[in-house]
Amino acid sequence: MSARVDDGMAAVSEWFDGRSDAALLLVLAVGLYALFTGVSLVLGYDLGGIVNTLRRITFLSAIYAMLVLALNLQWGYTGLFNLGVAGFMAVGVYTMGMLSTAPTTNPPGLGLPLPIGILGGVIAAALVGAVASLPALRLRGDYLAIVTLAFSEIVRLTYRSPVFETFSVAGLSLGTGGSTGMSLPTNPIRILFYENSQEVTSPPSAFGEAVFGTFEAIGVRAPVVEGTAYAIVLLFVVAGVYALLRRVGNSPFGRVLKAIREDETVAGALGKDTRLFKVKVFALGCGLMGLAAILWRIGGLASTADFRPITTFYVFVALIIGGAGSNTGSVVGGAVFASLLFEGPNFVRRVVTQYVDIGIGQTPSTIFEAVGPLASLDVTPLLAYTISDVNVSALRLVLLGVVLIYLIQNRPEGLLGHRTETAASVDLSERPGGEDR
Amino acid sequence: MATDTETNTLVAFVRERAVLIALGLFVALLVADLFRKLGTGALTAASLAGFVKDGTVLGLSLGLAGIGLAMTYSILNFANFAHGDYITVGGVVGWITAFLVTGLGSFEAQPLVLLRASSRTLGISVTTAPVAIFLGLVVSVVVTAGLALLIDRIVFRPMRGQRGIALLIASVGVALAVRYLLVFTLQTGPRGLTAGQATPSWDLPVGGGSVTITAHEATLAVLAVALMIGTHVLLRYTTFGTAMRAMADNEDLAQVSGIPTERVIRTTWLLGAGLTGAAGFLIALERGALTMSFGWQLLLLVFAAVILGGIGSVYGAMVGGLVIGLASRLSLVWLPESFIIAAAFVVMIVMLLVRPQGLLGGVTTV
Amino acid sequence: MTTTAPDSDDAPADESAATTDADADAPLLQVRELEKSFGGITAVDGATFEVERGTITGLIGPNGAGKSTTFDLVTGVQTPDSGQVVFDGTDITGWRPHQAANRGLVRTFQIARELDEMTVLENAMLAPRGQVGENLWRAVLPGVRKEVVRQEEQLREQAWETLEFLELDHLAEEYAGALSGGQRKLLELARVLMIEPEMILLDEPLAGVNPTLEEKLLDRLHSLRDDGYTFLLVEHDMDVIMNHCEPVIVLHQGEVLVEGSPEQVKNDDRVLEAYLGGEV
Ligand SMILES: Nc1ncnc2c1ncn2[C@@H]1O[C@H](COP(=O)(O)OP(=O)(O)OP(=O)(O)O)[C@@H](O)[C@H]1O
Ligand SMILES: [Mg+2]
C-alpha cells in the first residue's frame, strides 16, 4: 500500500518534471476543478452550487498558496524553521482590523481607509517578524521552532486577553474584542458591485445590478458572484506573490539565502552578513503571511481561534506536500492541501451521506453504539458515527498527522522539492564564448 | 597596545553580559517592588503564599512531565512535539482505569470508559479510593510506555540518524494523530474526575489569611519528588544510566564502544514515557478534570521547563519546571490572569537568549 | 586603535590589492599574543607572527598545533580569549567573519565545506563581493534590476573561467554535494578566488588534489602573488612548503616555534623535535 502510494507520487512528480511551471499549474488547476465539479454533480448541486464549490476551493487554495510561498522563503530557502506562522498572521489581521474598522463598531477601530489598514497590517507583521527574528538569529533549529511557537502563542494570548478587549491610546479607543473576536471591514471586492461598499445594506451599483441580474438568471446568486470575483482577484495576488518570490529566489539575494540554509559559517566566511539576511527574510516572509491572513479573514471575523498553532501546522503540511525549496511546489502544495486534505473530507462526508441512508437522528453518539452493531455485521452505525460532522473534523486531523509522517519518512522532498530553481538572475548554463551546452 | 587589549576585553566582557546584567537589575527591581507591595498592603502575605504554592505545584507538574522529554531529547536529539499528547494519553487511560475500578458493578460500564460518569457520584479522591488511584497510576505508566514504544517502532525508528528537524516534523504528525484519535473515540469536552467534597484539605495560616492545600496537591508534590529522586538514582547508579549518559554525550562513540544503542533507546522511551504517563495521571488528579488536549496545552510549558534546565538534564527539568511554574504564578502580582502563560513563555525566550545552554547546562547532571 | 567594527560592510570590490594605507611596507597581517582554549585544551597559546604583503607564507606544525584554530581566530569564525589581529593597519580582533572577508581577508576550510544543495556554479557565484543583487530591493524591483542582471552576466563569465581553470567546468551544473573530496577542495579554492580579496588563508588546499593539477595550482598561486595577492598557506607536504613558501612559520602547541626561510626552518633542531618528539 505504502509502496504503491510512493510509486504514485514518484510518477506524478516525474511527470511534472518534464513540464514547464505554467503548464504544470494549469494542469493542476484543471484537474482540481474537474474533480470538484464532478463531486458537485454527484451531490446534485445546481450551477450556483458548483460555482460556489469551485469558489471555495479557489479561495482556500489561493490563501494557502500565499502562506506556503511565504514560509518557503523562510524555511525552504533559508532553512529558518518558523513555527510561529499563525502568530504573524494574527498580527496582520488584528492590526488591519484595529486600523480600519469603524470607531462605532464594537470593538472600535480607528476607521482609517482600508488600503492604509492593509498596508499597516502587512508592515506590522513584517516588523514583528523582524523583532521576533532577533532572538532567532542565535538559536539552532529546534530551539528556533520552540521559540517561534511560543512567540505566536504570546501574540494569540495577548489578542485574546480581556485587557485589550477595548482600550484607549491617546484618547482614541481601540480593541481586539478579546475572546469574542472583532468584526473586520467589509470585503473590498464589494466596491465593484455596491454603491457604498462599506455598508452591508447598501444597494448594488448599476454595474452590480447588471452582473447580479445576469448571473441570477442562470442560478448563481449575488453572494456567490461576489465571492467568485474575490477568488479570482486572489489568484492574481498569488501570481504577484509568486513572481515576487521567484525573483527573490533567483537572484544573488536568494543565493545567499540558500547558502545560509546549507552552511551559515561558509556564507559568513564568504563575506555575507548572514544575520542581516535572516532579519530581512523574516520580515518579508512574515509580512506576506500577514497579507495572506488579511485577505483570508477580511469581510468576516478576526478570532484568536483561527490563529492557534494548528494553522501553522497546516501551512507546514502544505509546504512539505509541495516540496520545500520550490516556489512552484509551494503553490502546488497550497492548492493540493487546501482542496484535497482540508476540504476533501467534508466532500467525502457529503457524498457518503448522500448515498448511505443513515436516517435522521440515527447517528450514534458514542463509539460503543457505533462499534457494537459490528457484531451483527452492521457497519452503518460505525459509518454514520465516522462521518458525523465533529468526527470528520477529528479524522481529518488524524489524516493530516499520518500524511505528515508518511511524507517525512518516504518523500521529504515532496512533489517538487527536488527541482532545481537556480539562484541567479541569469541563465547560468550560458557559457561565455558561445560555447553553450 | 597592551592597555588597548585590556580595555577591549573589558568592553567585550561587559558587552557579552549586558543582557545578563540588565536582567539581574530587572529581577532585583521586581523583588524590591514585591516588598513594597507587601509593605503597603497592596499584596497580602496570604495571597503571595497562595501564588507560591500554586507555582510550586505547577512547577512540580512541569518538572515531572519534563523528565521524559529531557531524556528522549538528549538521546535522540529532537524536540518531541508528541510529548504533550503522551501526557494526555497517560491521564486518559489512568482515569478510565480509576473510574472502572471505582464504579464497575454499581454503574454502567460505557459512561465509565468514556469518562462521562458523574465525578460527584463516583466520589473519587486519594482518601476515598486509594486503590483505584494507585491502579490508575500503574496503568497510565504501562500504557503510555507501551504506546511510546509502538510509535517509536513505526515512526521514529525508521528515521534514526536523520536531522532533528525531520524527526520534529514527524513528531508533530504523531501528536495530531494521537490527539485526534482520542477525540474520535472519546469526543471532546472537559471531564470531571475527582469529587471536591471528598478531598481533604488543610488551611495553613499565613500572615492575616491562610493558604489551602488539598490532598491532591500534596499527593502530586510528594509523588513528583519521589519519582524524580527515583529517576535520578536509577540514572546515576545503574549500567543503563551510564550507557544513556554516554549516548547523550556522543552516540557514535557509544556505539563503537559496544553500547547496545537500540536497547538504550528502547529503555529510554519506556522510562521516559512511563514517567510522562504518570505525570499526566497526577496532573489530572490535582486539577480534578481533563480534556483531550490538556497535554498539548502543557507542552510548551514543559518545553520551557526542559530548555530552562538545560536539555537532557533531569535535575534541570525539575529546576526549570519550578522556575517556570513560579514565574507564571508570581506574574499574577503584576499582570492580569490572562497573561500568566505568556509570562512563562517570555521567561523561556529570555532564558534562551541569555543562557542557551540552560540553567544547569554545560554539565550533564542527569 | 579600537575594535569598533566598520560602519559599512559594503567595501567596494575593486579595493583589493590597492594599498590604501600610507605605509605600504608594513606587514599586511599582524597577529599578536593570540590565545584560545576549549575547556581544558589550549589550542592557541600566545601565537605572534606577521605576514608581509605579496608573499606566500607557509604555516606548518604537527597535527593539533593550532593552525586551523589560528585561522578561525584571524578570520573571526571564533573569538580569541585574548590577543589582537591587525589587518592592513586595522584592528580586526573580534570582527565577524563577513566583516573580515569584506575587508579583503578570506580563508578556506580544512575540511571542505561545500554548500551541498547548490550547484557548483551557484557556489562560485555566491562568493564575489559587492554584488548589487544581494540587496533585496535591487534584486526584485523592475527598474533597478537591470544592473543586477548585467553584473550577473559578468560574474557568470568570471565563474566559468575560474571553474575552467580549476578543471571543474564539466561539473558546473552538478550539485556540490556530488563532488569528490579533491573536487570539493578545488571548489573551495574557486570560491575564494572569485572573491578577489587581498589575502587568502589556505588550510591544506592541496590535500586530495592530483599532482598535475597541484603543480598548476601552485603556479597560479605564484602568478596571483605577482599580481599583489598575499597567501598564508597551511600544508603538511614539506616539498610544497620548501619549494613554494617564503618565509615559513612553525607553530607548535599554539605558539610560534620558529620563523624563517625554508632552509632555516628545515635545519632547525627544534622543528625536528616538535615533529618527532611530541612533547618538547
Ligand atoms: N572546537 C573545538 N573544541 C575543542 N577542542 C578543539 C576545537 N577546535 C580545536 N580543538 C583542539 O585544539 C587543538 C588545535 O586544533 P587545530 O585544529 O587548530 O590544529 P591544527 O594545527 O589545524 O591540526 P591539523 O594539522 O591536524 O589540522 C587540538 O588539540 C584540537 O583538538
Ligand atoms: Mg588544521
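The structure we're discussing is the one just above.
Residues numbered from 1 in each chain as written. Chains lettered and ligands numbered in written order. Predicted model: local features only at pLDDT ≥ 70, side-chain atom pairs only at ≥ 80, totals over all residues. Heavy atoms only, no water.

K.L.:
Quick question: what am I supposed to make of the coordination of the magnesium ion (ligand 2) here?
P.N.:
Octahedral metal centres with six donors ideally show angles of 90 or 180 degrees, and tetrahedral centres with four donors ideally show 109.5 degrees. All names here are of chain C. Around the magnesium ion (ligand 2), the protein contributes the donor atoms S68 (OG) and Q110 (OE1), which lie 1.9 to 2.1 Å from the metal centre. Of this pair, S68 sits in helix 1 (residues 67-75) while Q110 sits in the loop between strand 6 (105-107) and helix 3 (120-126), and the two are 42 residues apart along the sequence. Residue classification places S68 among the partly exposed residues on the basis of a relative accessible area of 24%. (Donors = N, O, S within 2.8 Å, 3.2 Å for Na, K, Ca; no water. Helix = DSSP H or I, 4+ residues; strand = E, 2+ residues; numbered from the N terminus. Buried < 20%, exposed > 50% of the residue type's maximum accessible area, 1.4 Å probe, protein only.)

K.L.:
Would you mind showing me how to read the site of ligand 1 here?
P.N.:
All names here are of chain C. Near ligand 1 you find 13 residues, and of these G64, K67, S68, T69 and Q110 are the closest. The separation between an oxygen atom of ligand 1 and a polar side-chain atom of K67 is 2.7 Å. Residue H236 places a side-chain N or O atom 2.9 Å away from an oxygen atom belonging to ligand 1. Alone, ligand 1 offers 630 Å² of accessible surface; in the complex the protein occludes 64% of this. At the level of secondary structure, the elements contributing two or more residues to the shell around ligand 1 comprise strand 2 (41-51) and helix 1. At 3 residues, helix 1 tops the list of elements feeding residues into the shell around ligand 1. The residue inventory of the shell around ligand 1, partitioned by class, reads 4 nonpolar, 7 polar and 2 charged. (Near = heavy atom within 4 Å. Polar contact = N/O pair within 3.5 Å; in protein donor to acceptor, adjacent residues only side chain to side chain. Areas by Shrake-Rupley, 256 points an atom, 1.4 Å probe, with all protein chains shown as cover. Nonpolar A, V, L, I, M, F, W, Y, C, P; charged D, E, K, R; others polar.)

K.L.:
Where do I start with the nonpolar core in this structure?
P.N.:
Among the nonpolar cores identified, the biggest contains 294 residues, and F337 of chain A together with F81, W95 and F156 of chain B are the most heavily contacted of them. Looking at this core element by element, the count peaks at 17 residues for helix 7 (residues 164-186) of chain B. The next biggest cluster of nonpolar side chains, apart from the first, holds 26 residues, and it includes L34, A43, V44 and F49 of chain C. (Core = buried A, V, L, I, M, F, W, Y, C linked by side-chain atoms within 4.5 Å.)

K.L.:
Help me understand the side chain of D152 of chain B, please; the structure alone is not making it clear to me.
P.N.:
Residues and elements named next belong to chain B. Summarising the element assignment, D152 is placed in helix 6 (residues 130-156). Reaching out from D152, the side chain makes a polar contact with the side chain of W269 at a distance of 2.9 Å. For D152, the contacting residues outside a window of four places in its chain are R157, P158, R160, I265 and W269. (Contact = heavy atoms within 4.5 Å.)

K.L.:
Would you explain the interface of chain C and chain A in this entry?
P.N.:
When the parts of a complex come together, some accessible area is lost, and that lost area is often used as the size of the interface. Contacts between chain C and chain A engage 45 residues on the former and 41 residues on the latter. Scanning the region where chain C abuts chain A turns up 5 salt bridges. Residues K258 of chain A and E122 of chain C are paired through a salt bridge, measuring 3.0 Å at the closest nitrogen-oxygen approach. There are 20 residue pairs in polar contact (both at pLDDT 80 or more) connecting chain C and chain A. (Salt bridge = Lys/Arg side-chain N within 4 Å of Asp/Glu carboxyl O.)

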